[in-house]
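Below are the chains, spelled out letter by letter.
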Amino acid sequence: MPDLIASPSVRALAARKGVDLKELARKLGRNTILREDIQIGNRWPQGSETTAWDVDHSAFGPVIEEPLSRFARLAAENLTSAARTVPSVTHHDSAEISVLEAFRRSIGPEAEGRGIRVTALAFQIKAMARALREFPKFNASLSHDGMVLIKKSYVNIGVAVDTPHGLMVPVIRNADRKGVFTLAEELSDLAGRARNRKVRPDELGGGSMTVSSLGGIGGEAFTPIINPPELAILGISKAVTRPLWNGEAFEPAFMLPLDLTYDHRVINGAEAARFLHYLCALLKEPARMLI
Ligand code: CAO
């Protein structure tokens, strides 16, 4: 391989992090090394762990090698770092959303008249914002050294968007101060622009909590990974009608499965259960959001 091209600051960073530049160049298949290559390269497991990935797959049959885009590698870096550093737990619950769904349908014509498509997610974001005000500990981040809890006075909700070029998380700012129509408009605008790679840098980051909704696709539950430096993420699966025992008989109830992954360094299980219970109560009786 030709000589390595790396700036002195990149070489210094590599030395500090114990990254072997020649080895990294070999893995990347190029001789120019950038700062983010070192940061991302650092996620590769060291020592004996590396053998699990060190496999010649072509020995078992034909393969195609497709390098990950810079975007996908940065996302992978964040997720790996969150999975490695955060002792996380996922708490599951489900909300009875028959009333909310009937209300959402009833405002459909008005929303359509305004040119807005209101999906259930706009209401869920509204309820999350309200719950974050009620439980400020969830609206915080730990400092890098884990010594200080930084409590946020704003409520910004990150929305995981599935795009052809990977997962993106644009952020709806001040979600607690916005109505459902505005939230729905912003949600569809941000999701559309994320899919067209038109999200501005100032629309990413600075979130209180992220929501990852797979409800439009399917599934009963999942365990989302926290989007660092946030302390929790809400996963939403597909709402279905289930029989619910009302004390005397079964009756049909439209149930929304919710999964809350939280950072156990800061939030304990009882707090997570209370947070999700509160969120379920808001979604069950949306009028509670007015109180
Ligand atoms: N239960 C049942 N149906 C649901 C639902 C739920 N929880 N959530 C949405 N739906 C319905 C919607 O109402 C809509 O139906 P109609 O077309 O009849 O109105 C349909 O599913 C599709 O919704 P949508 O996905 O277009 O819109 P949304 O507001 O629910 O979600 C967005 C927007 C951007 C979050 C979503 O499109 C998306 O990208 N989700 C994937 C997120 C993701 O990848 N998470 C994983 C991250 S970790 O890899």
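Residues numbered from 1 in each chain as written. Predicted model: local features only at pLDDT ≥ 70, side-chain atom pairs only at ≥ 80, totals over all residues. Heavy atoms only, no water.

## As for the overall build of the protein
Each helix and strand in the protein was counted, giving nine helices and 11 strands. With the principal axes as the frame, the protein shows a C-alpha extent of 75 × 45 × 40 Å. Buried positions account for 41% of the 291 residues belonging to the protein. Considering only contacts within the protein whose residues lie at least 6 apart along the sequence, 63% involve residues at least 24 apart. (Helix = DSSP H or I, 4+ residues; strand = E, 2+ residues; numbered from the N terminus. Buried < 20%, exposed > 50% of the residue type's maximum accessible area, 1.4 Å probe, protein only. Contact = heavy atoms within 4.5 Å.)

## Structural notes on unusual backbone geometry
In this structure, Pro229 follows Pro228 across a cis peptide bond, with omega equal to 10°. Its identity is not glycine, yet Asn174 carries a phi of approximately 50°, on the positive side. Residue placement: Asn174 occurs in the loop between β7 (171–172) and α8 (180–195). Accessibility expressed as a relative area gives 24% for Asn174, which makes it partly exposed. Look at Arg197: it is not a glycine, yet its phi comes out positive at around 55°.

## With respect to the packing of aromatic side chains
Applying the stated rule across the entire model yields six aromatic pairs. Ring geometry for Phe103 and Phe123: centres 6.0 Å apart, planes at 75°, overall edge-to-face. Note that Phe103 is positioned in helix α5 (residues 98–106) and Phe123 in helix α7 (residues 120–134), a separation of 20 residues in sequence. A relative accessible area of 42% places Phe103 in the partly exposed class. We classify Phe123 as buried; its relative accessible area is 4%. These aromatic residues form a ring-pair network of at least three members: Phe135, Phe138, Phe275 and Tyr278. (Phe/Tyr/Trp six-rings, centres within 6.5 Å; stacked < 30°, edge-to-face > 60°.)

## Thoughts on the side chain of Ser237
Structurally, the position occupied by Ser237 is in the loop between β9 (232–236) and β10 (240–245). Taking the relative accessible area as the measure of exposure, Ser237 reaches 1% and is therefore buried. Apart from residues no more than four positions distant in its own chain, Ser237 is found in contact with Gly215, Gly219, Glu220, Ala221, Phe222, Leu256, Pro257 and Asp259.

## Let's talk about the site of the ligand
Every one of the 20 residues lining the ligand counts as a neighbour, but Thr119, Arg195, Ser212, Ser237 and Ala239 are closest to it. Surface burial for the ligand is 68%, taken as the share of its 970 Å² of free accessible area covered by protein chains. Mapped by element, the contributors of at least two residues to the shell around the ligand are β5 (161–163), α8 and β8 (209–213). (Near = heavy atom within 4 Å. Areas by Shrake-Rupley, 256 points an atom, 1.4 Å probe, with all protein chains shown as cover.)

## Describing the domain arrangement of the protein
Its domain assignment divides the protein into domain 1 (8–65) and domain 2 (81–290). Between domain 1 and domain 2, the C-alpha centre-to-centre distance is 36 Å. (Domains from an automatic or database assignment.)

## Observations concerning the confidence of the model for the protein
Regions with low pLDDT carry predicted coordinates that are not meant to be interpreted in detail. Across the protein, the average pLDDT comes to 92, with 95% of residues at or above 70. Note that residues 44–48 has pLDDT below 50 and, in this model, six contacts with residues that lie over four places away or in other chains. (pLDDT = per-residue confidence, 0-100.)

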